[in-house]
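Coordinates in review
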Amino acid sequence: MSRSCAPTSTSWNKRLAATEAFPVYQPIEAAVRFEEVTVEYDGISILDRVSATVPKGSCTAIIGPNGAGKTTLLLALLGEISYQGRIHTSPNGTRIGYVPQRLSFDRGMPLTVSEFLAMGFQKKPLWLGIHPKLQDLSREALTLVKAEHLAGRKIGALSGGELQRVLLALALRQEPDLLVLDEPSAGVDFRGELIFCELLDTLRHATGLTQLMVSHDLATVTHHATHVICLNRKVAAEGPPRQTLTSENLTAIFGMHMGLVSSRSMPENLAVCSAPCCQERPDA
Amino acid sequence: MPELSPLYALLAQLLPFDCLQARFMQQALLGLLLLAPMAAVMGIIVVNFRMAFFSDAISHSAFAGVALGLIFSVDPNWTMPAFGLLVGLGIMILQRHSNLSSDTVIGVFFSAMVAFGLAIVSRDRSLARDLQRFLYGDILTISDGQILCLMALFLILMTFQAVSYNHLLYIGLNPTLAQAHRVRVAVHQYLFTGLLALIVMFAVQAVGVLLVTALLIVPAAAARNLARSAGAMFWWALLISLSSAVAGLLISAQDWARTATGATIIIVACGWFLLSMIAANLSRDRTA
């Protein structure tokens, strides 16, 4: 499947230009720059010369349909899979915090949330107890994600939303410059998702970290992203959500049915989001 | 070679059973006191890594290891662990670098090892008699030299566990998450595999090929049911494996039992497992 997509069509440019002035283009500082990243698996191309930028301090969303290579791009960034091309991160080292899509693990494993948060940091083996200082830090991280009541629970007994918050706490404990989230809203109910997203927005503003998330949930993206990368094996479009989430681009990456759904609701309705977390969006 | 007699005398005094006054029983007890804790703590990781089948494959390569030693006229006591180590690392390399599922990779290795071992053994009638020793194991014939080897391995392994327990748990939970947290996944996996292969080869001599996996995973499985945290699981596994080993040895030496030591140890451990299941169900009912 090969489809060439212009970043934004001229007709949209004209329409948008008529209603508001485009911000003057300024070279932005990049937290991550993908350069011609290609991944092939058994001769099947999964990512085809993907070049994109994740601006520093942004909330960047990678959107695209199933099988578009979103998770693959993240795994390439994490160094989990081999790829051709280059991925530039900050030259003086980027600390990456990673929140996986669905943590597949053995739910029968006796491991408490406190142990889970300590095991990556503590040298002393867990069977000699957890260092009190690490206990405090874990508790702080849990408080940050509003999950302090979970410290003594077994990790296998957590619900989807609780587990995701604990995973976020673990990622934050690593004091990341770049927080990578794979499908943050998968397996979480609507309320849980809202809490999760608001939490991330608050944290991003407070700490200045860069957030990179994968999503195929357009509602999440329109509410929270400041930068969007439309991916379907290639980069179809990239930029601020208003200029990127056009019906043409969405049709191009998601196929016909997506275009039909979103043709009237996007992008005009973007501006009327009333959620508190959207009000402070720099580009809103 | 250092003299182990004072140690045996001490053991006989600590556990004043009639059957423990014989030298071979004291040696067996010391061997088990070294082997059981190692098997238990490695078993925790084996269970978390879901590597039970892997340890089975290594134990079944014991035949082939001995056969190789006989072909090249090298002491089988050396070729067996060396070959087990090679097989273990081979499986790990293939697992990490191929798209085959891990049980397929292990299955292929497993069959190749057993077929090769049997082919060699079947050529020589006198070797076939040795086969039984490997199938059932015989801790009662352990030598002072083997005990010293176990002591060295014990030191190495416990150091490794103390340094790497947390990271191994992390990798067992989710390798990608561990990798993102700058845990060196590959190094830990290879080190663990190598040590596991050595433990398995020693355990083959104690409980036999058929029951090696049981010695590794039954205490850990029972500990999982009883423990409420990863730290507690370690101590439960130690307690269960040590008590099973000592009780199994003593029971097997009684006149009314006269059973194979290895099998008796595993039966006691399985008794623990049964109890742990009941305890886990009871506590679940209470919280529900």
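Please read all numbers here as calculations on a predicted model, not as lab measurements.

1. A few points about helix 5 (residues 102-123) of chain B
Residues and elements named next belong to chain B. Look at helix 5: 32 Å from first C-alpha to last across 22 residues, which is about the 32 Å you get at 1.5 Å a residue. Among all positions in helix 5, only V105, I106, F109, F110, M113, G117 and V121 are buried. The buried residues of helix 5 occupy an angular sector of 130 degrees when projected down its axis, which confines them to one face. Of the residues in helix 5, the exposed ones pointing more than 90 degrees away from the buried face are S111, A115, A119, S122 and R123.

2. Details of unusual backbone geometry
Residues other than glycine seldom take positive phi values, yet E175(A) does so here, at roughly 45 degrees. Along the chain, E175(A) turns up in the loop between helix 5 (160-173) and strand 6 (178-182). By the C-beta count within 10 Å, which is 11 here, E175(A) ends up exposed. Even without a glycine there, the phi angle at R182(B) is positive, about 60 degrees. Among the structural elements, R182(B) can be located in the loop between helix 8 (175-180) and helix 9 (185-207).

3. So, the sheet that holds strand 5 (residues 96-99) of chain A
Residue and element names in this part refer to chain A. Taken in spatial order, the six strands line up as 5-6-7-3-8-9 in an open sheet, and their pairing is mixed. Whereas interior strands pair on both sides, the edge strands pair on one side only; in this sheet they are strand 5 and strand 9 (234-239). Direction aside, neighbouring strands of the sheet carry axes that sit 15 degrees apart on average. Relative to strand 6, strand 5 runs parallel, the two sharing four bridges. When the sheet's bridge partners are listed, Y98 is paired in strand 6 with V180.

4. Notes on the packing of helix 3 (residues 52-71) of chain B against helix 5 of chain B
All names here are of chain B. With their axes 8 Å apart at the nearest point, helix 3 and helix 5 run at an angle of 30 degrees to one another. In terms of their interaxial angle, helix 3 and helix 5 are classed as roughly parallel. The crossing of helix 3 and helix 5 is left-handed. In this structure, helix 3 contributes F53, F54, A57, H60, S61, F63, A64, A67 and I71 to the contact, and helix 5 contributes D103, I106, F109, F110, M113, V114, F116, G117, L118, I120 and V121. Residues that form the contact of helix 3 with helix 5 fall into these classes: 16 nonpolar, three polar and one charged.

5. Some points on the packing of helix 3 of chain B against helix 10 (residues 212-226) of chain B
Residue and element names in this part refer to chain B. Closest axis-to-axis distance for the helix 3/helix 10 pair is 8 Å, and the angle between their directions is 155 degrees. By the angle class used here, helix 3 and helix 10 are roughly antiparallel. In terms of crossing hand, the pair formed by helix 3 and helix 10 is right-handed. On helix 10, the residues that touch A52, S55, D56 and S59 of helix 3 are V212, T213, L216 and I217. Considering only residue class, the contact of helix 3 with helix 10 consists of four nonpolar, three polar and one charged.

6. Here we look at the interface of chain B and chain A
Tallying the contact residues gives 24 residues for chain B and 24 residues for chain A. Looking at which element gives the most residues to the side of chain B that touches chain A, the answer is helix 7 (residues 144-173) of chain B, with seven residues. Of the residues that constitute the side of chain B that touches chain A, the class distribution is 13 nonpolar, nine polar and two charged.

7. Comments concerning the confidence of the model for chain A
Residues and elements named next belong to chain A. For chain A, the mean per-residue pLDDT works out to 76, and 76% of the residues sit at or above 70. The spread of mean pLDDT over the elements of chain A runs between helix 11 (residues 276-279), the lowest at 39, and helix 3 (residues 113-118), the highest at 91. Low pLDDT, under 50, characterises residues 1-20; the stretch is placed with 17 contacts to residues that sit more than four places away or in other chains. The low-confidence segment residues 259-284, where pLDDT is below 50, has 32 contacts with residues more than four positions distant or belonging to other chains.

Criteria and cut-off values
- Residues numbered from 1 in each chain as written.
- Chains lettered and ligands numbered in written order.
- Predicted model: local features only at pLDDT ≥ 70, side-chain atom pairs only at ≥ 80, totals over all residues.
- Helix = DSSP H or I, 4+ residues; strand = E, 2+ residues; numbered from the N terminus.
- Expected span 1.5 Å × (residues − 1).
- Buried ≥ 20, exposed ≤ 12 C-beta atoms within 10 Å, placed from the backbone.
- Arc of directions from axis to C-beta.
- Pairing = 2+ DSSP bridges.
- Axes fitted to C-alpha atoms, helices over the stretch in contact; angles between N-to-C directions.
- Parallel < 35°, antiparallel > 145°, perpendicular 65-115°, else oblique.
- Left-handed = near helix turned anticlockwise from the far one by under 90°.
- Contact = placed C-beta atoms within 7 Å.
- Nonpolar A, V, L, I, M, F, W, Y, C, P; charged D, E, K, R; others polar.
- pLDDT = per-residue confidence, 0-100.

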